[in-house]
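# Examination of the molecular architecture
Here's the letter readout for the chains.
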Amino acid sequence: MMGAPFVAHPLGWVIIGGAGYLAYKAGKKSGKKVEGDSAKTNLSDRVVKGAMKAAYKAQQGISEGLDKAKEKCGTLWAEAKTESGTTSDKA
């Protein structure tokens, strides 16, 4: 068993204890930061902001897809635009 000598030695316990203490302090500090940030923004505001970001990313993806389709099928795109009666270059 490889872990037994490390745990059996007093220096091993000091190392494990020190690592645990550092993890505890880092978690406590991180918790205070999150607690302060969440107090500033309301939960509903964060949900709405997340939904808006998702919608924006989806819109950007669709726009990029249409732009790639325009480049790939330039003449077909112009014919489709003419047949549909739109004169704008935006889809």
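These numbers come from a predicted model, not from an experiment.

About the thresholds
- Residues numbered from 1 in each chain as written.
- Predicted model: local features only at pLDDT ≥ 70, side-chain atom pairs only at ≥ 80, totals over all residues.
- Heavy atoms only, no water.
- Helix = DSSP H or I, 4+ residues; strand = E, 2+ residues; numbered from the N terminus.
- Buried < 20%, exposed > 50% of the residue type's maximum accessible area, 1.4 Å probe, protein only.
- Areas by Shrake-Rupley, 256 points an atom, 1.4 Å probe, with all protein chains shown as cover.
- Phe/Tyr/Trp six-rings, centres within 6.5 Å; stacked < 30°, edge-to-face > 60°.
- pLDDT = per-residue confidence, 0-100.

## A few points about the overall build of the protein chain
Tallying secondary structure elements over the protein chain gives 4 helices and 0 strands in all. Going residue by residue from the N terminus, the α and β elements of the protein chain occur as α-α-α-α. The burial tally for the protein chain puts 1% of its 91 residues in the buried class. Roughly 8000 Å² of accessible area belongs to the protein chain as shown, and the carbon and sulfur atoms make up 66% of that amount.

## Focus on the packing of aromatic side chains
Per the counting criterion, the structure on display carries 1 aromatic pair. When the ring of Y21 is compared with that of Y24, the centres are 6.4 Å apart and the planes differ by 40°; the resulting orientation is tilted. With Y21 and Y24 both in helix α2 (residues 10-40) and 3 residues apart, the pair spans about one turn of that helix. For Y21, a relative accessible area of 48% corresponds to the partly exposed category. The exposure class of Y24 is partly exposed, given its relative accessible area of 48%.

## A look at the confidence of the model for the protein chain
Scored by pLDDT, the protein chain comes out at a mean of 75, with 75% of its residues at no less than 70. Confidence scores differ between elements of the protein chain, with helix α1 (residues 3-8) showing the lowest mean pLDDT of 60 and helix α3 (residues 43-72) the highest of 82.

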